Each structure stands twice: as C-alpha cells, then as structure tokens.
Amino acid sequence: QQNAELVAISVSDHKIVRRLVFPSVSDSPLCLRIDGRGENLYYLKNGVMQFNVKSSELPLNPVIQENNHIFYKLAVNPDNDEIFVTDAVDYQRKGYLLRYKNDGTPVSEIEADIIPGFMYFAN
C-alpha cells in the first residue's frame, strides 16, 4: 500500500513543486476542500485539518476538534470561508450540520436528517 500524498503542481509548466506524504495509510485525508481564495485546504482526519497550500509540512493538530461528534462530510463556503461539517451521530438517528468560522470558532448547529452528507452553496 502507498500512503496518501498532497502534490503541488505548477500551473505554468505542470511540474511538481512540492510533495507531502502522509505518515501512514490510516492518516489519509477525507473530503478535501479548498477555501474561496485557494489558500487553505481543509480535510477530515480526526477533526478538521487546515493546510495552507504554501506550507511545506502537514498540519499536526485539527483546527476543529471532533470531540463527541462523528464528522462525516465537509464543505467550505467560498464566499466567507466558513466551515461546515456534518455529524452522522450513530448512522441511525438524525444527524447535525455544524457551522464554524475558519479559525474553528463554533457558529451554529442545526438538526439534519439521517447521515447528512452533501452541501451546496448558492449565490
């Protein structure tokens, strides 16, 4: 098995600029999303991880802790960079939609249906 990688590629000449390899297969990121400015990449891995695309190291600590939630899906509002995460609870009862500022500060929580997943931002 090969570990997951984040690879930065130059748009001008299509060459690899930077390659960051995750430490193990179990550290593979889920639900990769990028903010509206293209500066920060977010993904799920025991919480919400935030990675500046110019960084040369993978983040060690989540910007949003999972705590007693089961994070299922992730979205980033391209207009204001707010982070939305769904909580699948126990995959049998209704879940939740959790909203955070991009620094990880909680904003709101609303009940959703069972195993809430996809999110869409309309203008």
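To keep things clear, this report deals only with the structure shown in the data block. Each residue is numbered by its place in its chain's sequence as written, counting from 1. Side-chain atom pairs in this predicted model are given and counted only at pLDDT of 80 or more, local residue features only at pLDDT of at least 70, and totals for whole chains, interfaces and linings cover all residues. Side-chain numbers here rest on the full set of heavy atoms in the structure, without hydrogens or water.

Description of the packing of aromatic side chains
Note on aromatic pairs: the rings of Phe, Tyr and Trp (six-membered ring only in Trp) are paired at centre separations within 6.5 Å, and the planes decide the class, stacked below 30 degrees, edge-to-face beyond 60, tilted for the rest. Applying the stated rule across the entire model yields three aromatic pairs. Relative to Tyr-91, the ring of Tyr-72 lies with its centre 5.9 Å away and its plane at 80°, an arrangement referred to as edge-to-face. With Tyr-72 in strand β6 (residues 71–76) and Tyr-91 in the loop between β7 (83–87) and β8 (94–100), this residue pair connects regions lying 19 residues apart in the sequence. Of the residues examined, Tyr-91 reaches a relative accessible area of 38% and is grouped as partly exposed. We call a charge positioned over a ring when the NZ of a Lys or the CZ of an Arg lies within 6 Å of the ring centre and within 35 degrees of the ring normal. Over the ring of Tyr-72 we find Lys-73; its NZ or CZ atom is 5.3 Å from the centre of that ring. Counting from the N terminus, the helices are DSSP H or I runs at least four residues long and the strands are E runs at least two residues long. With a 1.4 Å probe rolled over the protein chains alone, any residue whose accessible area is under 20% of its type maximum counts as buried; one over 50% counts as exposed, and the rest are partly exposed.

Considering the sheet that holds β7
Sheets are built from strands paired through backbone hydrogen bonds, the pairs being either parallel or antiparallel. A strand pair is defined by DSSP finding two or more bridges across the two strands. Ordered in space as β6-β7-β8-β9, the four strands form an open sheet in which the pairing is antiparallel. Both outer strands of the open sheet, β6 and β9 (106–114), are each paired with one neighbouring strand and no more. Between one strand axis and the next, the sheet turns by 20° as a mean value, whatever way the strands run. Of the pairings in the sheet, the one linking β6 to β7 comprises four bridges and is antiparallel in character. Helix axes use the C-alpha atoms of the stretch in contact, all axes being lines fitted to C-alpha atoms, and the angles between their N-to-C directions lie in the range 0 to 180 degrees.

Remarks on the sheet that holds strand β5 (residues 48–52)
Taken in spatial order, the three strands of this open sheet run β3-β4-β5, and their pairing is antiparallel. Each edge of the open sheet carries a strand with a single partner, namely β3 (30–34) and β5. Recorded for the sheet is a direction-independent mean angle of 20° between the axes of neighbouring strands. In the sheet, strand β4 (residues 40–44) pairs with β5 via five bridges, with the strands oriented antiparallel. If you follow Tyr-43 over to β5, its bridge partner there is Met-49.

A word on unusual backbone geometry
A positive phi angle, close to 60°, is found at His-14, a residue other than glycine. Examined against the element boundaries, His-14 turns out to sit in the loop between β1 (5–9) and β2 (16–21). For Cys-31, which is not glycine, the phi dihedral falls at a positive 60°. With respect to the secondary-structure elements, Cys-31 resides in strand β3.

Considerations on the nonpolar core
Counting residues in hydrophobic clusters, the biggest one holds 12 residues: Cys-31, Tyr-42, Leu-44, Val-48, Ile-64, Phe-71, Leu-74, Val-76, Ile-83, Val-85, Leu-98 and Tyr-100. Secondary structure elements with two or more residues in this core: β4, β6, β7 and β8. For Cys-31, the residues in contact, after removing those within four places along its chain, are Tyr-42, Tyr-43, Leu-44, Tyr-72, Lys-73 and Leu-74. What we call a nonpolar core is a set of buried Ala, Val, Leu, Ile, Met, Phe, Trp, Tyr and Cys residues that are connected through their side-chain atoms within 4.5 Å. Of all hydrophobic cores here, the second largest spans nine residues; its members include Ala-4, Leu-6, Leu-41 and Met-49. Contacts are residue-level and defined by heavy atoms, with any inter-residue pair within 4.5 Å sufficient.

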